[in-house]
Amino acid sequence: MNWDAISAIAQLVGSIAAVLSVLYLAAQVHQSTRIARLATQDAAATALREVTKPLMENADLERIWRVGLENIGALSVDERARFFHAAYQFLKAFETIHFHYVYGLMDRQLWEGWHGLLRHYIAAPGFAQYWNLRPDVFSERFRNFVNSLESPSDRRTIGTLGADELNR
């Protein structure tokens, strides 16, 4: 065997090793991307749970949230401030969820659920009032998205679900 043949075989082996390395790296990147997407989706759910958890644990705060959604004028000045703080946190969580969706880190089916929930809440009178007062604290992309949302025909928030049950 001459040196040209040995060199050709070495090049072939080197090329095959390079292709296998690229395939291995592609598989690793795909798996890392999948893990990152799952972590992002979990973080989004956790962020919203952290916003809504105090509402379940504190009856006064839950009442402020529920009443404020439907009739912010029924709240005292202090209660209105608490409602606005909660609305801000709620919308910031949704802004992050929207950001993750825009950048392909949120599964479309999960996004559709979040999108549907936001449509219901942003159409609530108290939320709409907050949004009209403070859109500037959110990114332009999120403002454009929220402003493009259509109100659901049958709006359902925690402020209306309880009333629906009482009317049955």
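Residues numbered from 1 in each chain as written. Predicted model: local features only at pLDDT ≥ 70, side-chain atom pairs only at ≥ 80, totals over all residues. Heavy atoms only, no water.

Draft legend 1. Summary view of the overall build of the protein chain. Along the protein chain, the regular secondary structure elements total 7 helices and 0 strands. Listing each helix as α and each strand as β along the protein chain from the N terminus yields α-α-α-α-α-α-α. Computed over its C-alpha atoms, the radius of gyration of the protein chain comes to 25 Å, more than 25% above the 15 Å expected for a compact globule of 168 residues. Along the first, second and third principal axes, the C-alpha set of the protein chain runs to 95 × 30 × 30 Å. The long-range share in the protein chain, meaning contacts at least 24 apart out of those at least 6 apart in sequence, stands at 68%. Of the side chains in the protein chain, 17 bear a positive and 18 a negative charge, and the two mean positions are spaced by 2 Å. (Helix = DSSP H or I, 4+ residues; strand = E, 2+ residues; numbered from the N terminus. Rg over C-alpha atoms; globule rule 2.2 N^0.38 Å. Contact = heavy atoms within 4.5 Å. Lys, Arg positive; Asp, Glu negative; His and termini not counted. Charge placed at Lys NZ, Arg CZ, Asp CG, Glu CD.)

Draft legend 2. Quick look at the packing of helix α3 (residues 77-102) against helix α4 (residues 108-122). Between α3 and α4, the least distance of the axes is 11 Å, while the angle of their chain directions is 150°. α4 is crossed by α3, and the crossing has left-handed handedness. On α4, the residues that touch Phe90, Leu91, Phe94, Ile97, His98 and Tyr101 of α3 are Arg108, Trp111, Trp114, Leu117, Leu118, Tyr121 and Ile122. Residue composition of the contact of α3 with α4, by class: 11 nonpolar, 1 polar and 1 charged. (Axes fitted to C-alpha atoms, helices over the stretch in contact; angles between N-to-C directions. Left-handed = near helix turned anticlockwise from the far one by under 90°. Nonpolar A, V, L, I, M, F, W, Y, C, P; charged D, E, K, R; others polar.)

Draft legend 3. Structural view of the environment of Val13. Structurally, the position occupied by Val13 is in helix α1 (residues 3-57). Accessibility expressed as a relative area gives 52% for Val13, which makes it exposed. Each C-alpha atom of the pair Val13 and Thr46 lies 49 Å from the other, and the pair is 33 residues apart in sequence. (Buried < 20%, exposed > 50% of the residue type's maximum accessible area, 1.4 Å probe, protein only.)

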